[in-house]
Amino acid sequence: YGGKHNPKVEENKEFSKGAAALGWKYLDKGDSDTAIKRFNQAWMFDRNSPEAFWGFGVIMGIRARREDQEKNLNESIKYLEKASSMLSDNSRIMVDLAYSESMLGAFLKGNHKKGFQDQFRKARNLFEKAVLLDKEYPLLYSDWAILEFFEENYEAAKEKLDIAKKSGFKPSQEFENALKGKLKGTRK
């Protein structure tokens with residue numbers, strides 16, 4: 001993604017925006033295979049499309065749930081960093097990047113590999129920057145709760161998750177149950 005380019009395709013920023021918009025629609029429907037094709041088209045028409053790189057990053061993060069977690073999370077981070085550098089005041093890209101950093105940290109920690117603290121630190125810094133830009137974004141708090149959970153800050157995780165829920169966010173029952181279990185274990 002975002003690699004070789006056919007020089008015969010003429011740049012067209014409007015086509016790129018349209019393809020990226022379709023990519024997000026397919027992604028919202030859960031069809032990441034079609035979404036990646038639309039983001040590829042967006043990139044093909046504009047090799048500097050932050051939306052294309054953002055889409056690539058999100059999809060690589062989704063793929064990390066199914067396969068080759070470390071590799072796909074590193075790819076996700078690479079693309080999201082590129083998109084973030086192009087749209088440095090976009091809090092939603094920061095949140096997606098922070099989430100991928102958190103998930104990579106959790107993977108490294110769970111597999112007893114070095115560097116997980118660095119990933120968690122990067123994620124925390126991104127969440128702290130994002131909240132200054134858009135404190136009303138529920139996904140910010142939900143994803144930040146996940147970081148707090150991985151860092152074993154269960155009370156802080158609950159606080160963040162409660163903020164997300166008050167904004168209408170519906171967390172996964174699996175995460176809520178895991179958090180409740182950890183909180184119950186720390187309050188004995």
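Because the structure is predicted, anything quoted here is derived from the model rather than measured.

Asks: Go over the pattern of salt bridges, please, and point to the residues and values.
Replies: Any two side chains of opposite charge can pair, so long as their charged atoms come close to each other. Throughout the structure, instances matching the rule amount to 12 salt bridges. Residues glutamate 148 and arginine 124 are paired through a salt bridge, measuring 2.9 Å at the closest nitrogen-oxygen approach. Pair noted here: glutamate 148 is in helix α7 (residues 138-150) and arginine 124 is in helix α6 (residues 116-133), with a separation of 24 residues, a long-range link. For glutamate 148, a relative accessible area of 4% puts it in the buried group. Glutamate 151 is paired through a salt bridge with arginine 124; the nearest N and O atoms lie 2.4 Å apart. Taken as a pair, glutamate 151 in the loop between α7 and α8 (154-166) and arginine 124 in helix α6 lie far apart in primary sequence, 27 residues in all. One continuous salt-bridge network, built from bridges that share partners, spans Glu11, Lys13 and Asp46.

Asks: Describe the environment of leucine 22, listing the residues and the values that go with them.
Replies: Relative to the assigned elements, leucine 22 resides in helix α1 (residues 13-28). Taking the C-alpha atoms as reference points, leucine 22 and aspartate 96, separated by 74 residues in sequence, lie 19 Å from one another.

Asks: Explain the side chain of glutamate 101 to me, using residue names and the numbers behind them.
Replies: Here glutamate 101 is to be found in helix α5 (residues 91-110). Buried within the structure, glutamate 101 lacks any salt-bridge partner; lysine 122 is the closest side chain of opposite charge, at an N-O distance of 4.6 Å. Within the structure, the side chain of glutamate 101 is placed 2.3 Å from the side chain of glutamine 119, a separation counted as a polar contact. Discounting chain neighbours no more than four positions away, the residues touching glutamate 101 are Ile77, Glu81, Gln119, Lys122, Ala123 and Leu126.

Asks: Mind laying out the nonpolar core, listing which residues take part and the relevant values?
Replies: With 51 residues, the main nonpolar core has Phe39, Trp54, Phe56, Phe127, Leu140, Phe175 and Leu179 as its most contacted residues. Setting aside residues no more than four positions away along its own chain, leucine 140 makes contact with Val95, Phe127, Ala130, Val131 and Asp134.

Asks: Residues and numbers for the side chain of arginine 38, please.
Replies: Note on placement: arginine 38 falls in helix α2 (residues 32-45). Buried charged residue arginine 38 carries no salt bridge. Nearest counter-charge: aspartate 31, at 7.9 Å. Not counting the four nearest positions on each side in its chain, arginine 38 is found in contact with Ala19, Ala20, Leu22, Gly23 and Tyr26.

Asks: Residues and numbers for the layout of surface pockets, please.
Replies: Looking at the largest pocket, its volume works out to about 770 Å³. Residue lining of the largest pocket: 28 residues in total, with Arg65, Tyr99, Leu139, Asp143 and Ile146 positioned closest to the centre. Looking at the lining of the largest pocket, the elements that each hand over two or more residues are α1, α3 (50-64), α5, α7 and α9 (173-186). Among the elements that make up the lining of the largest pocket, the one with the highest residue count is α7 (six residues). Taken together, the residues of the lining of the largest pocket break down into 17 nonpolar, five polar and six charged.

Rules of the game
Residues numbered from 1 in each chain as written. Predicted model: local features only at pLDDT ≥ 70, side-chain atom pairs only at ≥ 80, totals over all residues. Heavy atoms only, no water. Salt bridge = Lys/Arg side-chain N within 4 Å of Asp/Glu carboxyl O. Helix = DSSP H or I, 4+ residues; strand = E, 2+ residues; numbered from the N terminus. Buried < 20%, exposed > 50% of the residue type's maximum accessible area, 1.4 Å probe, protein only. Lys, Arg positive; Asp, Glu negative; His and termini not counted. Polar contact = N/O pair within 3.5 Å; in protein donor to acceptor, adjacent residues only side chain to side chain. Contact = heavy atoms within 4.5 Å. Core = buried A, V, L, I, M, F, W, Y, C linked by side-chain atoms within 4.5 Å. 1 Å grid on protein atoms, 1.4 Å probe; cavity = no way out; pocket = protein on both sides within 12 Å on 5 of 7 lines; lining within 4 Å. Points joined across faces, edges and corners; volume = space filled by probe spheres on them. Nonpolar A, V, L, I, M, F, W, Y, C, P; charged D, E, K, R; others polar.

In short, shape yes, function no, at least from these values alone.
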